[in-house]
Amino acid sequence: MPFSGVWQSKQVAVDPSDAMGGRPDSMPASPTHLVLGTPLAGPYPDGHLIAMFGLGCYWGPEKFFWQLQGVFTTAVGFTGGHTPSPTYREVCTGLTGHNEAVRVVYDPSEVTYDDLLKVFWEIHDPTQYMRQGNDIGTQYRSEIYVYSDEQRTTAEASLQRYRRLLLGAGYSEITTTIVDAGAFHFAEESHQQYLHRNPMGYCNHGLCQVAYT
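Residues numbered from 1 in each chain as written. Predicted model: local features only at pLDDT ≥ 70, side-chain atom pairs only at ≥ 80, totals over all residues. Heavy atoms only, no water.

S.K.: Just give me the short version of helix H3 (residues 113–122), but keep the residues and values in it.
M.R.: Counting buried residues along H3, seven of its 10 residues qualify, which places the element largely inside the surrounding structure. If you follow the buried residues of H3, they end up packed against strand E1 (49–55), helix H1 (59–66), strand E2 (71–79), strand E3 (99–106), strand E6 (142–146) and helix H4 (149–168). (Buried < 20%, exposed > 50% of the residue type's maximum accessible area, 1.4 Å probe, protein only. Helix = DSSP H or I, 4+ residues; strand = E, 2+ residues; numbered from the N terminus. Contact = heavy atoms within 4.5 Å.)

Okay, here's the thing in structure tokens:
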């Protein structure tokens, strides 16, 4: 399929009338990040910003982000769908429309949004449509959720830049979607900082052979 900038989210979204019902109350979230010792759900320091990414199974990417200097806290959860406060098992059915996502709260005076995008691009394969390796399904799609026009401009420029690098290295077209950030639903507590809780746990992410810079 010819490259058209970004994929439209409607291509992967379940129809709202077919989505699972969910629940009115939010899933309980751990009050404190197990590694950083900071609150997952806030309050956050003045001047800090939020970024959110979908790039396959969220366990591995969260660890990459929490190791960055300037990241205040991270959390994993679900976004981009219709089901309120879904469970992990519900998302895995493909009937919620949600994606597995990592939410990053960061200090822009210490780490830039482009620094976060560098991690995003380099630790997954953005040319795989709704999958990462053996993980296949709508909840594994490559997606960037932007909170401002500035983030969108930076994300779009980074996509074009990395696209050229990937094509030059023999990869196929990027399938990553860039969309406005919507509601974020925290995943169950056992999923938060999963690789800290389970040091030998599953992670299919690693450094890409194509460097962003």
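Next comes the rest of the description.
S.K.: I'd love a proper account of the pattern of salt bridges, names of residues and values included.
M.R.: As enumerated under the stated definition, the model contains six salt bridges in all. The closest approach of N and O atoms between aspartate 180 and arginine 152, which form a salt bridge, is 2.9 Å. Of this pair, aspartate 180 sits in strand E7 (residues 177–180) while arginine 152 sits in helix H4, and the two are 28 residues apart along the sequence. In this structure arginine 152 comes out as partly exposed when scored by relative accessible area, which is 23%. (Salt bridge = Lys/Arg side-chain N within 4 Å of Asp/Glu carboxyl O.)

S.K.: Tell me about the layout of surface pockets, and please be specific about residues and values.
M.R.: Of the voids in this model, the largest pocket is the one considered here, and its volume is about 180 Å³. Lining the largest pocket, in full, are Leu49, Ile50, Tyr106, Pro108, Val111, Thr112, Tyr113, Tyr147, Ser148, Glu150, Gln151 and Thr154. Within the residue set of the lining of the largest pocket, elements represented by two or more residues are E1 and H4. Per element, the largest residue contribution to the lining of the largest pocket is three residues, and it comes from H4. For the lining of the largest pocket, a count of residues per class yields seven nonpolar, four polar and one charged. (1 Å grid on protein atoms, 1.4 Å probe; cavity = no way out; pocket = protein on both sides within 12 Å on 5 of 7 lines; lining within 4 Å. Points joined across faces, edges and corners; volume = space filled by probe spheres on them. Nonpolar A, V, L, I, M, F, W, Y, C, P; charged D, E, K, R; others polar.)

S.K.: Provide a residue-level description of the sheet that holds strand E8 (residues 185–186), including the pertinent values.
M.R.: Strands belonging to one sheet form pairs held by backbone hydrogen bonds; the direction of such a pair is parallel or antiparallel. The mixed open sheet is built from six strands, whose spatial order is E7-E6-E1-E3-E2-E8. Strands at the two margins of the open sheet, each flanked by one partner only, are E7 and E8. Sheet analysis places E1 next to E3, joined by five bridges and oriented antiparallel. Its bridge partner being in E3, isoleucine 50 is matched across the sheet by valine 105. The strands that H1 touches are E1, E2 and E3; relative to E2, the one it contacts most, it runs at about 160°. Sheet contacts for H4: E1, E3, E6 and E7; angle to E7, the most-contacted strand, approximately 175°. (Pairing = 2+ DSSP bridges. Axes fitted to C-alpha atoms, helices over the stretch in contact; angles between N-to-C directions.)

S.K.: Residue-level account of the nonpolar core, with values.
M.R.: Core analysis: the largest hydrophobic core is formed by 36 residues, its most contacted members being Phe53, Phe65, Val104, Tyr113, Leu116, Trp121 and Ile144. Elements that contribute at least two residues to this core include exactly E1, H1, E2, E3, H3, E6, H4 and helix H5 (194–197). For this core, the element with the highest residue contribution is H3, accounting for six residues. Leave out the neighbours within four places in its chain, and tyrosine 113 touches Ala51, Phe53, Tyr106, Ile144, Tyr145, Val146, Gln151, Thr154 and Ala155. Formed by eight residues, the second largest nonpolar core is a distinct cluster that contains Leu40, Met52, Ala75 and Phe186. (Core = buried A, V, L, I, M, F, W, Y, C linked by side-chain atoms within 4.5 Å.)

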